[in-house]
Amino acid sequence: SQQGEEDPQALSIQEGENATMNCSYKTSINNLQWYRQNSGRGLVHLILIRSNEREKHSGRLRVTLDTSKKSSSLLITASRAADTASYFCATVGSARQLTFGSGTQLTVLP
Amino acid sequence: GAGVSQTPSNKVTEKGKYVELRCDPISGHTALYWYRQSLGQGPEFLIYFQGTGAADDSGLPNDRFFAVRPEGSVSTLKIQRTERGDSAMYLCASSSTSGRSYNEQFFGPGTRLTVL
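**Student:** I tried to follow the pairing of strand S5 (residues 44-50) of chain B on my own but got confused; where do I start?
**Tutor:** Residues in a regular strand project their side chains so that they alternate between the two faces of the sheet. Residue and element names in this part refer to chain B. Burial within S5 is extensive, with 5 of its 7 residues counted as buried. Bridging between strand S4 (residues 31-37) and S5 involves 6 bridges; their strand directions are antiparallel. Bridging from a neighbouring strand, Trp-34 pairs with Ile-47 of S5. Relative to strand S6 (residues 53-56), S5 runs antiparallel, the two sharing 3 bridges. Bridge pairing links Tyr-48 to Asp-56 in S6.

Written as structure tokens, this is what we have:
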């Protein structure tokens, strides 16, 4: 079963704009991860944020985590056409398996 | 190899047939995971191996699904008496339990299974 919901389900922006995606989850976590998936391909790990962290940066990515609201957001700044992909948040279960949200399909228009 | 590989990349079969999907993890990775992803959804966990043993198979939907990893490296996901509802992308991932990449799972490109 899916861990939670991501919103929006789809997002379309112009190149150069910022893109914000949100994720909610249901259970207590040790960490939350964001993955990217190009159409019809495997997933690529983007960033991991631990439960005791509130914000983390990696290049043009900024992730926030609010454990009291069981939510996280992914911000991509100065978006590029190459950022077009689906983005998933995932939490880690007891057996270290990932439980994914339903994803946000981001389209960056040139 | 440089990354996780999966074969075949595409598999088309008929309802009722048996299929095997193969995953080659990153060399030295002891943990291996199988996930299934339906169109428009996030991947869903199927089974997790630590070494040769299935540490958690709670995600397998029914007894038509089985997976093995006999030598602790390559894994095969086996589906018997396939049904149209089994059509999906099957993803494999591996991870190391040591070092800074702990818990980071590296995914293969997937096998797209279509059951006609």
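**Student:** Whenever I open this one, the environment of Ile-29 of chain A confuses me. Can you help?
**Tutor:** Note on placement: Ile-29 of chain A falls in the loop between strand S3 (19-24) and strand S4 (31-37). Look past the residues within four positions of Ile-29 of chain A in its chain and what remains in contact with it is Ser-51, Leu-65 and Thr-91 of chain A.

**Student:** Help me understand the packing of aromatic side chains in this model?
**Tutor:** Aromatic ring pairs are described here by two measures, namely the spacing of the ring centres and the angle between the planes. Tallied over the entire structure, the rule returns 9 aromatic pairs over all chains. Between Tyr-33 of chain B and Tyr-35 of chain B, the ring centres sit 6.3 Å apart and the planes meet at 25°, which makes this aromatic pair stacked. Here Tyr-33 of chain B and Tyr-35 of chain B have matching classes, each one buried. Pairing Tyr-35 of chain B with Phe-107 of chain B gives two aromatic rings, centres 5.5 Å apart and planes at 40°, and the pair type is tilted. Note that Tyr-35 of chain B is positioned in strand S4 and Phe-107 of chain B in strand S10 (residues 106-107), a separation of 72 residues in sequence. Across this residue pair, the class does not change: Tyr-35 of chain B and Phe-107 of chain B are buried. Among the aromatic side chains, those forming a connected cluster through ring pairs are Tyr-35, Phe-88 and Phe-100 of chain A together with Tyr-33, Tyr-35, Phe-45, Tyr-48 and Phe-107 of chain B.

**Student:** I would appreciate a short explanation of the sheet that holds strand S7 (residues 65-68) of chain B in the present structure.
**Tutor:** Residue and element names in this part refer to chain B. If you walk across this open sheet you meet the 4 strands as S1-S3-S8-S7, and the pairing is antiparallel. Each edge of the open sheet is held by one strand with a lone partner, namely strand S1 (5-7) and S7. Across the sheet, the axes of successive neighbouring strands diverge by a mean angle of 15°, strand direction being ignored. Taken together, the 4 bridges between S7 and strand S8 (residues 75-79) define a ladder with antiparallel strand orientation. Residue pairing for S8: Phe-66 is matched across the bridge by Lys-78.

**Student:** Any chance you could explain the interface of chain A and chain B here in plain terms?
**Tutor:** Interface size is often expressed as the accessible area that is lost when the parts come together. Taken together, the contact between chain A and chain B spans 20 residues of the former and 23 residues of the latter. Put simply, chain A and chain B have 0 salt bridges between them. Our count for the chain A to chain B interface comes out at 3 residue pairs in polar contact (both at pLDDT 80 or more). Among the secondary structure elements, those contributing two or more residues to the side of chain A that touches chain B are S4, strand S5 (43-50), strand S9 (85-92) and strand S10 (98-100) of chain A. In terms of residue count, S4 of chain A provides more of the side of chain A that touches chain B than any other element does, 4 residues in total.

**Student:** Can you walk me through the pattern of salt bridges in this structure?
**Tutor:** Pairing between side chains of opposite charge can happen when their charged atoms approach one another. Scanning the model with the defined rule gives 5 salt bridges over all chains in all. Among the salt bridges present, the one from Asp-83 of chain A reaches Arg-60 of chain A, with a minimum N-O distance of 2.9 Å. Taken together, the residues span a long stretch of sequence, with Asp-83 of chain A in the loop between strand S8 (71-76) and S9 and Arg-60 of chain A in the loop between strand S6 (55-58) and strand S7 (61-66) at a distance of 23 residues. Owing to a relative accessible area of 23%, Arg-60 of chain A belongs among the partly exposed residues under this scheme. Here Arg-64 of chain B and Asp-86 of chain B are joined by a salt bridge, their closest N and O atoms 2.8 Å apart. Separated by 22 residues along the polypeptide, Arg-64 of chain B in the loop between S6 and S7 and Asp-86 of chain B in the loop between S8 and strand S9 (88-95) bring together distant segments of the chain. Taken as a pair, Arg-64 of chain B and Asp-86 of chain B share a single burial class, namely buried. Counted as one network, the salt bridges with shared partners bring together Arg-64, Glu-83 and Asp-86 of chain B.

Rules used throughout
Residues numbered from 1 in each chain as written. Chains lettered and ligands numbered in written order. Predicted model: local features only at pLDDT ≥ 70, side-chain atom pairs only at ≥ 80, totals over all residues. Heavy atoms only, no water. Buried < 20%, exposed > 50% of the residue type's maximum accessible area, 1.4 Å probe, protein only. Helix = DSSP H or I, 4+ residues; strand = E, 2+ residues; numbered from the N terminus. Pairing = 2+ DSSP bridges. Contact = heavy atoms within 4.5 Å. Phe/Tyr/Trp six-rings, centres within 6.5 Å; stacked < 30°, edge-to-face > 60°. Axes fitted to C-alpha atoms, helices over the stretch in contact; angles between N-to-C directions. Salt bridge = Lys/Arg side-chain N within 4 Å of Asp/Glu carboxyl O. Polar contact = N/O pair within 3.5 Å; in protein donor to acceptor, adjacent residues only side chain to side chain.

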